[in-house]
Amino acid sequence: MHDKNGKPLKKGDKVTIEAEILETYATDTFCNVQLGIGRDNENSEFNVHGTVTLNSKQVELKED
């Protein structure tokens, strides 16, 4: 098993997953984001597409 650059992967490794914010949810007590995963990547028609909702403190904006 390897990552997109050919580096070996094993159980316990930490990886970065690129995602698109599909929705934001903010109240006085929480801020959550819904992320779309595997949508616009190369070979995306063969990828598993999914969503996950996380607390906004668990994500970091990637500057282009």
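About the criteria used
Residues numbered from 1 in each chain as written. Predicted model: local features only at pLDDT ≥ 70, side-chain atom pairs only at ≥ 80, totals over all residues. Heavy atoms only, no water. Pairing = 2+ DSSP bridges. Helix = DSSP H or I, 4+ residues; strand = E, 2+ residues; numbered from the N terminus. Salt bridge = Lys/Arg side-chain N within 4 Å of Asp/Glu carboxyl O. Buried < 20%, exposed > 50% of the residue type's maximum accessible area, 1.4 Å probe, protein only. Axes fitted to C-alpha atoms, helices over the stretch in contact; angles between N-to-C directions.

**Digging into the pairing of strand 2 (residues 31-37)**
Note: strand 1 (residues 19-26) against strand 2, 7 bridges, orientation antiparallel. Residue Ala19 lies in a different strand from strand 2, and its bridge partner there is Ile37. Between strand 1 and strand 2, which pair antiparallel one after the other, the connecting turn spans 4 residues. In this structure, strand 2 lies alongside strand 3 (residues 50-55), joined through 6 bridges in antiparallel fashion. Looking at the pairing, Gln34 lines up with Thr53 of strand 3.

**Points about the pattern of salt bridges**
Working definition: two side chains of opposite charge can pair if their charged atoms are close together. Scanning the entire structure with this criterion turns up 2 salt bridges. For Lys10, the salt bridge goes to Asp13, with nearest N and O atoms at 3.0 Å. In this structure Asp13 comes out as partly exposed when scored by relative accessible area, which is 33%.

**Quick word on the sheet that holds strand 2**
If you walk across this open sheet you meet the 3 strands as 1-2-3, and the pairing is antiparallel. Lying at the two open borders of the sheet, with one neighbouring strand each, are strand 1 and strand 3. If you compare each strand with its neighbour and ignore which way they point, the axes differ by 25° on average.

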